[in-house]
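# Notes for the structure review
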Amino acid sequence: MTASTPLSLAANDGRPVRDIALADAPLAIRGMTVSYGEKPAVFSVDATFEAGKMTAIIGPNGAGKSTLLKAALGVVPRLSGEVSVYGAPLATARDRIAYVPQRASVDWDFPTTVIDVVLMGLYRKTGLLSRLTGAHKAKALECLDRVGMADFADRQIGQLSGGQQQRVFLSRALAQDADLYLLDEPFAGVDAATERAIIDVLAALKADGKAVVCVHHDLATVSSYFDNVFLINVRRIAEGPVTEAFTPENLHATYGGRLATSHIDQLDLVAGA
Amino acid sequence: MDAFLNALFLGAGYNAALVGIGAALLGFAAGASGTFLFLRKRALVSDAVAHATLPGVGLAFIAMVALGFDGRSLIGLLAGSAVTAAIGLVLVEWMSRKTRLSEDAAIGAVLSVFFGIGIVLLTIIQTMSQGRQAGLEGFLLGSTAGMLFQDAVVIAIGGSLAVAATFVLRRPMTLVAFDPEYAAASGYDVRKIDLAMMSLVMAVTVIGLKLVGLILIVAMLIIPAVTARFWTEKSDTVIWSAGILGAVSGYVGAAISASAPALPTGPIIVLVSAALFTFSLFFAPARGVAAAVIRRQRFQARVHHRQGLLALARQEPIHDKLTLKVLGRDGLIRPDGVATDAGRAKAAKVARDERRWDVAREVHKDVSLTGRYDGLTPIEDVFTPDEIAQFDAVIGKPTAVGGA
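This structure is a prediction, so every number in the text was calculated from the model and none was measured.

### Some points on the nonpolar core
Counting residues in hydrophobic clusters, the biggest one holds 133 residues, and the most contacted among them are L202(A) and L251(A). Listed in part, the 30 residues of the second largest apolar core include F49(A), L69(A), A211(A) and V215(A).

Now the structure itself:
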């Protein structure tokens, strides 16, 4: 880390901070606290997300999963903490980040077509005045094709199913050609075909060395979809490879009584160390 | 009518022509920039901004008279109104962000307090020696009687600047209206873009004060966008068609009001705009009320058609009048309710498709395909002929319906 990095404020409860090269990690968060009103939604959290890996952010409802991502991106203000993206401050690294918000966060009756939504992913590059050219459209269509939505390019977005809407959002993120992909509940309420399509695209990104981070709610698919997990319940509970950190003990610590032991047993996890 | 046509073709005199052109320009600027208020769902903020112009008009008059100028200078009055409108806007924004008040409460508070202050100031001005002939109450509902060439120039320049700014900012403003979280995550400053949008609206409000007045300017900002939305699904098209609708309303409204004495311009413009809105509400092809009613009836007929065929296949009596009507119309049953040959054939097909779906649910693992069963979607739209042949192999030979 550079000399200017402040001391971590995170309380680690005596556990060692995982020792990886933080300096140029795709996303590194140090001592971040976020609060709506006077109750912290995320408290003093350290997190590091690696390149070439898919990481699931796991935790109960209201545990601060989405807030962690939004605050890291500056969508909601931070009370404290540092964020670095590939070793650079957030403001200078925006072009390397693509964000996929929750599907429910927008009005799907908005007057816009599928391809126009994907073109929004290119706005940062096109600037204010330049025309959107055929090359931009071709790029948008290619990104739609990668999620199997090219045939829907001229549809109004309100006519799509939930899964199709999610694929359009992912397609917009692809259009940005980013290195770090942050997705908020991409699998919530989508059909099986969409879930498959999304996983295939994310796996291809990972194979290209991109970093993929998903807020995820379905514990049953964590082991098959993801490499790493980040367990959070306001504070960081655990992080690391699925085989090490996705243990019954850590799940109990994250969910408390909200997750029945029988449910955890069904997940067929490696026994805790 | 002659008077109206005269006015429409700029033949009703110099003043009427000025008003007509000014109203068209103002209508375009208001329609285009107001689209973002509508898309961002902040229509009422502009109402607060409009009402907050009134104290500025009064204060500017008092200040100009005190300094020995002509209190009626339009530029001076508009500058004053812009200052208090900006204060009102910042107050609404600040209150809804920093206190627990919701935006509508903040709007209500700012709107009424500023308007109240403005009315008090106008009353004070009435008692001033130079105040009697000020005619400031014209800013409430607009007045075109004494419109000067320079007033039209103010509208033309201000309106063009507002349209140019709308063009430059259309992408960030659209993005923020559609998906503010994504915009913020991409590095756009959502607050600044919102402020820019509201400043545009404020500028249009201020330059429109003289012509339509502060009470009705909201209608010129919002109604064209809502009207345009009925006809298109693309945001860019909404923006520019709202501009055109606004210009047409402004021009036609001004012509109507010039064609008869004592027809107020601002209210007539708003009524023309409302007429276009009402027409669109009912008759727009995809989103209009008439289209929705027709779609619903067609859909209902499809449902009854299908249910009727299933009833025929099961040889159950049909009592529902609409079902009987739909089947009779399509030549599937005779007037006495007995199935025709065509009806029996279709019923057999429908019954077979239902069994195919049952089989599909058992043998087909892809829930996203079998999940598309809704009673109406033809099975041929979901599965390939090969797959359907597989289902048929499971079912066995087709059986006739109705003992034929």
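### A word on the pattern of salt bridges
Residue and element names in this part refer to chain B. Taken as a whole, this structure holds 34 salt bridges over all chains when the rule is applied. One salt bridge connects R42 with E103, and the closest N-O pair in it is separated by 2.8 Å. Placement of the pair is R42 in the loop between α2 (14-39) and α3 (43-51) and E103 in helix α6 (residues 103-127), with a sequence separation of 61 residues. Owing to a relative accessible area of 10%, R42 belongs among the buried residues under this scheme. By relative accessible area, which is 25% here, E103 ends up partly exposed. In this structure, D353 and K349 form a salt bridge, with 2.4 Å as the shortest nitrogen-oxygen distance. Linking D353 with K349, this pair stays in helix α16 (residues 341-363), spanning four residues, or about one helical turn.

### Re the interface of chain B and chain A
Contact residues are listed per partner, giving 27 residues for chain B and 34 residues for chain A. With both sides pooled, the region where chain B packs onto chain A buries about 2800 Å², and carbon together with sulfur makes up 59% of that total. Area buried by chain B at its contact with chain A is led by R171(B), F178(B) and Y182(B), which between them contribute 31% of it. The residue K234(B) makes a salt bridge to D116(A) at a minimum N-O spacing of 3.0 Å. On inspection of chain B and its partner chain A, the count reaches 12 residue pairs in polar contact (both at pLDDT 80 or more). Mapped by element, the contributors of at least two residues to the side of chain B that touches chain A are α8 (149-178), α9 (180-185) and α12 (235-259) of chain B. The biggest single contributor to the side of chain B that touches chain A is α8(B), with nine residues.

Parameters and conventions
- Residues numbered from 1 in each chain as written.
- Chains lettered and ligands numbered in written order.
- Predicted model: local features only at pLDDT ≥ 70, side-chain atom pairs only at ≥ 80, totals over all residues.
- Heavy atoms only, no water.
- Core = buried A, V, L, I, M, F, W, Y, C linked by side-chain atoms within 4.5 Å.
- Buried < 20%, exposed > 50% of the residue type's maximum accessible area, 1.4 Å probe, protein only.
- Salt bridge = Lys/Arg side-chain N within 4 Å of Asp/Glu carboxyl O.
- Helix = DSSP H or I, 4+ residues; strand = E, 2+ residues; numbered from the N terminus.
- Contact = heavy atoms within 4.5 Å.
- Buried area = accessible area lost by both parts, 1.4 Å probe.
- Polar contact = N/O pair within 3.5 Å; in protein donor to acceptor, adjacent residues only side chain to side chain.

These figures come from the coordinates and say nothing about function on their own.
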